[in-house]
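One-letter residues, chain by chain:
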Amino acid sequence: MNLFKKKRKKNYPDFWMKYEAKFEKKASYALPEIRFVVFDTETTGFDYDNDRILSIGALSVKNNSIHISDSFEAFLYQHFYHAKNIEIHGILQEERHERITELEALIQFLDYIGNSVLVAHHAGFDKNMINYALKRHGMPDLKNKFLDTSVLYKRTLINSPLLPVKPQYSLDELAEKFDISKKDRHTALGDAYITAIAFMKIVQKLKLKKNFSAKKLLK
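Okay, so let's go over this structure. Everything numeric in this text was worked out from a predicted model, so none of it was measured. (Residues numbered from 1 in each chain as written. Predicted model: local features only at pLDDT ≥ 70, side-chain atom pairs only at ≥ 80, totals over all residues. Heavy atoms only, no water.)

1. Here's the deal with the sheet that holds strand E1 (residues 36–43)
Okay, so step 1: Across the sheet, which stays open at both edges, the 6 strands sit in the order E4-E3-E2-E1-E5-E6 with mixed pairing between neighbours. In this open sheet, the two edge strands, each paired with only one partner strand, are strand E4 (99–100) and strand E6 (146–148).
Okay, so step 2: Judged from the 8 bridges that link them, E1 and strand E2 (residues 53–62) form a sheet pairing that is antiparallel. For Thr-43, the partnering residue across the bridge sits in E2 and is Ile-53.
Okay, so step 3: Helix-sheet contacts for helix H3 (residues 102–113) involve E1, E2, strand E3 (65–76), E4 and strand E5 (117–120), and the interaxial angle to E3 is about 165°.
Okay, so step 4: Of the strands in this sheet, E1, E2, E3, E5 and E6 touch helix H7 (residues 188–207), which is tilted by about 30° from E2. (Pairing = 2+ DSSP bridges. Helix = DSSP H or I, 4+ residues; strand = E, 2+ residues; numbered from the N terminus. Contact = heavy atoms within 4.5 Å. Axes fitted to C-alpha atoms, helices over the stretch in contact; angles between N-to-C directions.)

Structure, rendered in structure tokens:
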């Protein structure tokens, strides 16, 4: 047996190879040049194996501005719903939206995000939902760097006995803290918008801290 035999590279579809090729160029650490994509997923529940994505919403942020014309929204065909989530998200208003398959949504999402830095609130959940969907279609995990606004927000706080830093902060708490309208809360694009505003305000606060750098932000 040849222990040094190279592992054969899998042949992935063109859409994945096109996405992967965008990471061959070295990333910039100049903050105004970084394209952040702030995104959110609405899902049938919280089980990565059994629940499914209902919609994905995303906005691009560059140089501390939201580029509304550079946004992404996809509604997916699904046949499985939890009654509780229908009540929260109003997701059964499906006749209002054109629906696409999970694979088509992933193809479009990968094309939209490219090698951007991805931002989400409680990012681990959204990242895993996308990665589990990719896995169902034989694809590897996302290659992008991720930032979590729930983690970044805590870096702006000063811990004190009178006002201790909490382990978690909800998106509603950030919206109230930064006086952001919650008009479209519980839609993927609406939550992505709230997260994007909160993200920009958090970064402005972090920039005031000593030794701030984009490289440290992305660590």
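2. Concerning H3
Okay, so step 1: Taking 1.5 Å per residue as the helical rise, H3 with its 12 residues ought to reach 16 Å, and the 16 Å between its terminal C-alpha atoms agrees with that figure.
Okay, so step 2: Residues of H3 that are buried include every one of Glu-102, Ala-105, Leu-106, Phe-109, Leu-110, Tyr-112 and Ile-113, and no others. On an axial view of H3, the arc spanned by its buried residues comes to 160°, and they lie on one face.
Okay, so step 3: Backbone geometry just after H3 places Gly-114 at a positive phi near 50°. (Expected span 1.5 Å × (residues − 1). Buried < 20%, exposed > 50% of the residue type's maximum accessible area, 1.4 Å probe, protein only. Arc of directions from axis to C-beta.)

3. Let's talk about the pattern of salt bridges
Okay, so step 1: Counting across every chain of the model gives 9 salt bridges.
Okay, so step 2: In this structure, Asp-70 engages Arg-35 in a salt bridge whose closest nitrogen and oxygen atoms are separated by 3.0 Å. Linking Asp-70 in strand E3 with Arg-35 in the loop between helix H1 (14–21) and E1, this pair joins segments that are 35 residues apart in sequence.
Okay, so step 3: Taking relative accessible area as the criterion, Arg-35 reaches 22% and is therefore assigned partly exposed.
Okay, so step 4: When the shortest N-O distance is used, the salt bridge between Asp-191 and Arg-185 registers 2.7 Å.
Okay, so step 5: By relative accessible area, Asp-191 is classed as buried at 4%.
Okay, so step 6: A single network of salt bridges, built from pairs that share partners, joins Asp-172, Glu-176, Lys-182, Arg-185 and Asp-191. (Salt bridge = Lys/Arg side-chain N within 4 Å of Asp/Glu carboxyl O.)

4. Comments concerning the environment of Lys-143
Okay, so step 1: Inspection of the secondary structure puts Lys-143 in the loop between helix H4 (123–136) and E6.
Okay, so step 2: C-alpha separation for the pair Lys-143 and Glu-20, spaced 123 residues apart in sequence, amounts to 7.7 Å.
Okay, so step 3: Sequence-distant contacts of Lys-143, defined by excluding residues within four places in its chain, comprise Trp-16, Tyr-19, Glu-20 and Phe-23.

5. Points about the pairing of E2
Okay, so step 1: Taking burial as the measure, the 10 residues of E2 include 9 buried ones, the bulk of the element.
Okay, so step 2: Direction of pairing for E2 relative to E3: antiparallel, over a ladder of 8 bridges. Counted as the bridge partner of Ala-58 is Phe-72 from E3.
Okay, so step 3: If you look at the hairpin formed by E2 and E3, you'll find 2 residues sitting between the two strands, and Asn-63 has a positive phi there, around 55°.

6. Topic: H1
Okay, so step 1: Every buried residue belonging to H1 is among Phe-15, Trp-16 and Tyr-19, and all of these are buried. The arc that holds every buried residue of H1, seen down its axis, measures 95°, which confines them to one face.
Okay, so step 2: Looking at the buried side of H1, the elements it contacts are H3 and H4.

Don't take any of this as a statement about function, it's just geometry.
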